[in-house]
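In case you want the letters, here they are:
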Amino acid sequence: MGLRFRKSIKVAPGVKVNLNKKSTSVTFGGKGVHKTISSTGKKTSSVGIPGTGMYYTSSSGSGSNKHSSAKQLHESNNNIGENIPQQASASNASLEKFSTDSLQHYKTIFLVLSIIVYLLTVMCFFNSSFLFGFFLLLVGLFFTRTYKTYSGEISNRLNLFSSNGGSGNVSSGNSSGSKYKSPKRKGCGCLTGIIIFILIIGLAGSCSDSDKEDSSKKNTASKKVTAVESITLSADTSTVYDINTEIPIDMAVNPADGNIDKLSCESSGGVFKNQDGKLTFSADSAGTYDLSVSCGNVKSNSLTISIEDKAAIAAAEAQKQAEEAAAQQSEQEQIVNDQPVAQQPQTSSYVVNTSTGKFHIPSCRDVSKIKQENYWAYEGTRDDLIAQGYSPCGHCNP
């Protein structure tokens, strides 16, 4: 067993360098579609559908020519002493296990698939999907080549049947002309029908979408676009609005059916927006704001909207009133404190002689002369005693 060496190095997305024992090659692409260029001059292109096992490969260059020449030389050597029917049978040895009826069935399948794929390719090119259309074109070429391969094998078997004078069984690809008939593969008809049905539904859906797009384009083209001549804005500018309040702004367009798709809102602050032709403005801080709109070269009049923070104003007013009430109360208290205190009459102790009607101070010499039943100790003012009819003593002059 000889020594073999192969190493693939990925140098960039979709680009690999392959190192072999006798040559070096570069591969461009990935799964499904890739192209390999060898240092021997051989170029190999491969197109397939990942997951299906179907692929198409073509080679060109010096490497493929050598292989072709060697194949032709091998066939020439094998043809020495062999008859023509054996040549026809050896052209596709891998298809000998299929009966002629199976090949005819598969040929029809790939013919239908080729037609459908080509129709889808044309639709992709019409819809400007060039990359997907190119991929479908490669798939269609693969289906067409498979169809031709099956057709060639069926023709070879018919030629073999004619060359043998009608002997042998055409249903088998065996070059020996044996009566053995290879079994037909069953179960493909239903799968083929499902695939064709899905492709037809996809084709119909694509056609429907294409028709809808065409009709939409026609409707858009047929719709007349009217240029705007003037725009007028109006709103209740005399009202002072609260913050975060959406204020409706009325807009009149002349003519009424003018195209305002490119309408832009301009303001010195806040949020001035257009929702399906309805203008609204709001701001989160107090102040005055200038609003206007423009459509192309046409600009509207300017509006001035006043905004205030009503909650903050109410809080400030309440605080001011509280401060004024507190100041007034303090002033009243100060006035009361500044008023002079009224002098209250002072009370004294007196001794009253109820018999004589005289009142004395307790230290008067006449007090000792008062009898016990006429003695009255009094606490009060001098004026009160006089008011009661008593008179002051002439000795002590209370």
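Here the residue index of a chain counts from 1 through its sequence in written order. The model is predicted, so local features are restricted to residues of pLDDT at least 70 and side-chain atom pairs to those at 80 or more, both for listing and for counting; the totals for chains, interfaces and linings are taken over all residues. Only hydrogens and water are removed before side-chain values are computed, so all heavy atoms of the structure are retained for them.

Draft legend 1. Inspection of the overall build of the protein chain at higher detail. Numbering of helices and strands runs from the N terminus, with a helix taken as a DSSP run of H or I at least four residues long and a strand as a DSSP run of E at least two residues long. Looking only at helices and strands, the protein chain has seven helices and 19 strands in total. Remark: exposure states derive from per-residue accessible area (1.4 Å probe, protein chains only) relative to the maximum for the residue type, with buried under 20%, exposed over 50%, and partly exposed in between. Expressed as a percentage of the 398 residues in the protein chain, the buried residues total 27%. When contacts within the protein chain are restricted to residue pairs at least 6 apart in sequence, long-range pairs at least 24 apart make up 49% of them. Contacts were defined at the residue level, with two residues in contact if any of their heavy atoms lie within 4.5 Å.

Draft legend 2. Seen up close, unusual backbone geometry. A cis geometry characterises the amide bond from Asn254 onward to Pro255, with omega recorded as -5°. Mapped onto the elements of the fold, Pro255 is located in the loop between strand E9 (247-254) and strand E10 (263-267). One non-glycine residue, Asn244, adopts positive backbone phi at about 60°. One can find Asn244 in the loop between strand E8 (240-242) and E9. For Asn244, a relative accessible area of 56% gives the class exposed.

Draft legend 3. Up close: the pairing of strand E11 (residues 271-275). Relative to strand E12 (residues 278-282), E11 runs antiparallel, the two being bridged by five bridges. Looking at E12, one finds that Val271 is bridged to Ser282. A pair of strands is considered paired only if DSSP assigns at least 2 bridges between the two. Hairpin remark: E11 followed by E12, antiparallel, with two residues in the connecting loop; positive phi at Asp276, about 55°.

Draft legend 4. Region of interest: the packing of aromatic side chains. Whether two aromatic rings pair depends on their centres lying within 6.5 Å, for rings of Phe, Tyr and Trp, where Trp uses its six-membered ring; planes under 30 degrees apart make the pair stacked, over 60 edge-to-face, and the rest tilted. Enumeration according to the criterion identifies ten aromatic pairs in this entry. Both rings, one in Phe272 and one in Phe281, keep their centres 6.4 Å apart while their planes meet at 75°; by these two values the pair is edge-to-face. Assessed through its relative accessible area of 10%, Phe272 is described here as buried. Connected via pairs of aromatic rings, a cluster forms that spans Tyr106, Phe110, Phe142, Phe143 and Tyr150.

Draft legend 5. Layout of the nonpolar core. By size, the foremost hydrophobic cluster in this structure holds 21 residues, and its most contacted members are Ile249, Phe281 and Ile307. Only strand E7 (230-234), E9, E12, strand E13 (287-295) and strand E15 (303-308) provide two or more residues apiece to this core. Counting residues in hydrophobic clusters, the runner-up holds 17 residues, among them Leu113, Ile116, Val139 and Phe143. We call a set of buried residues a nonpolar core when its members are Ala, Val, Leu, Ile, Met, Phe, Trp, Tyr or Cys and they connect through side-chain atoms within 4.5 Å of each other.

Draft legend 6. Spatial organisation of the sheet that holds strand E18 (residues 375-380). With mixed pairing, four strands are arranged side by side in an open sheet as E18-E16-E17-E19. Strands with a single pairing partner mark the edges of an open sheet, and in this sheet they are E18 and strand E19 (391-392). Where strand E16 (residues 348-353) lies against E18, six bridges are found, and the strand directions are antiparallel. Bridge assignment links Val351 to a residue of E18, and that residue is Ala377.

Draft legend 7. Up close: the confidence of the model for the protein chain. As a per-residue quantity, pLDDT reports the predictor's confidence and falls between 0 and 100. The pLDDT averaged across the protein chain works out to 75; a share of 70% of its residues lies at or above 70. Per-element averaging of pLDDT across the protein chain places helix H2 (residues 84-90) at the bottom with 40 and E15 at the top with 93. In this model residues 64-91 is a low-confidence stretch, pLDDT under 50, and it forms 13 contacts with partners more than four residues away in sequence or in other chains. Long-range and interchain partners of residues 168-191, a stretch whose pLDDT sits below 50, account for 44 contacts in this model, where long-range means more than four residues apart.

Draft legend 8. Examining the sheet that holds E7 more closely. Sheet architecture is open: four strands sit in the order E7-E9-E12-E11, paired in antiparallel fashion. Of all the strands in the sheet, just E7 and E11 have a single pairing partner and so form its edges. Strand-to-strand twist across the sheet, computed as the mean angle between neighbouring axes with direction ignored, equals 25°. Strand direction decides the pairing type here: E9 and E12, joined by three bridges, are antiparallel. Across the sheet, Pro248 pairs through a bridge with Thr280, a residue of E12. Comment: axis = line fitted to C-alpha atoms, over the contacting stretch for helices; angle = value between 0 and 180 degrees taken between N-to-C directions.

Draft legend 9. Layout of the pattern of salt bridges. For this document, the term salt bridge refers to a Lys or Arg side-chain nitrogen within 4 Å of an Asp or Glu carboxyl oxygen. Enumeration over the complete set of coordinates arrives at five salt bridges. Put simply, Glu153 and Arg157 hold a salt bridge, and the shortest N to O gap is 3.1 Å. Residue Glu153 and its partner Arg157 are located together in helix H4 (residues 130-163), separated by four residues, close to a single helical turn. Arg157 carries the same exposure label as Glu153, and that label is buried.

Draft legend 10. Seen up close, the environment of Gly269. The residue Gly269 is located in the loop between E10 and E11 in this model. Not counting the four nearest positions on each side in its chain, Gly269 is found in contact with Phe281 and Tyr289.

Draft legend 11. The arrangement of the pairing of strand E3 (residues 24-29) in detail. As judged from the five bridges shared by strand E2 (residues 15-20) and E3, these two strands associate in the antiparallel manner. Residue pairing across strands places Val15 opposite Phe28, the latter belonging to E3. Strand direction decides the pairing type here: E3 and strand E4 (residues 33-38), joined by five bridges, are antiparallel. Its bridge partner being in E4, Ser25 is matched across the sheet by Ser38.

Draft legend 12. Looking closely at the side chain of Ser282. Within the element layout of this structure, Ser282 appears in strand E12. For Ser282, the residues in contact, after removing those within four places along its chain, are Thr245, Glu246, Gly270 and Val271.

Draft legend 13. How the structure looks around the packing of helix H3 (residues 100-126) against H4. Where H3 meets H4, the axes come as close as 8 Å, and the angle between the chain directions of the two elements is 160°. Considering their axes alone, H3 and H4 lie roughly antiparallel with respect to each other. Viewed along their axes, H3 and H4 form a crossing whose handedness is left-handed. When residues are sorted by character, Ala, Val, Leu, Ile, Met, Phe, Trp, Tyr, Cys and Pro go into the nonpolar class, Asp, Glu, Lys and Arg into the charged class, and all the rest, Gly among them, into the polar class. A class-by-class count of the residues in the contact of H3 with H4 yields 21 nonpolar, nine polar and three charged. Angular relationships are summarised with four words: roughly parallel below 35 degrees, roughly antiparallel beyond 145, roughly perpendicular across 65 to 115, and oblique for the angles in between. It is the rotation of the near helix from the far one that decides the hand of a crossing: anticlockwise by less than a right angle makes it left-handed, clockwise makes it right-handed.

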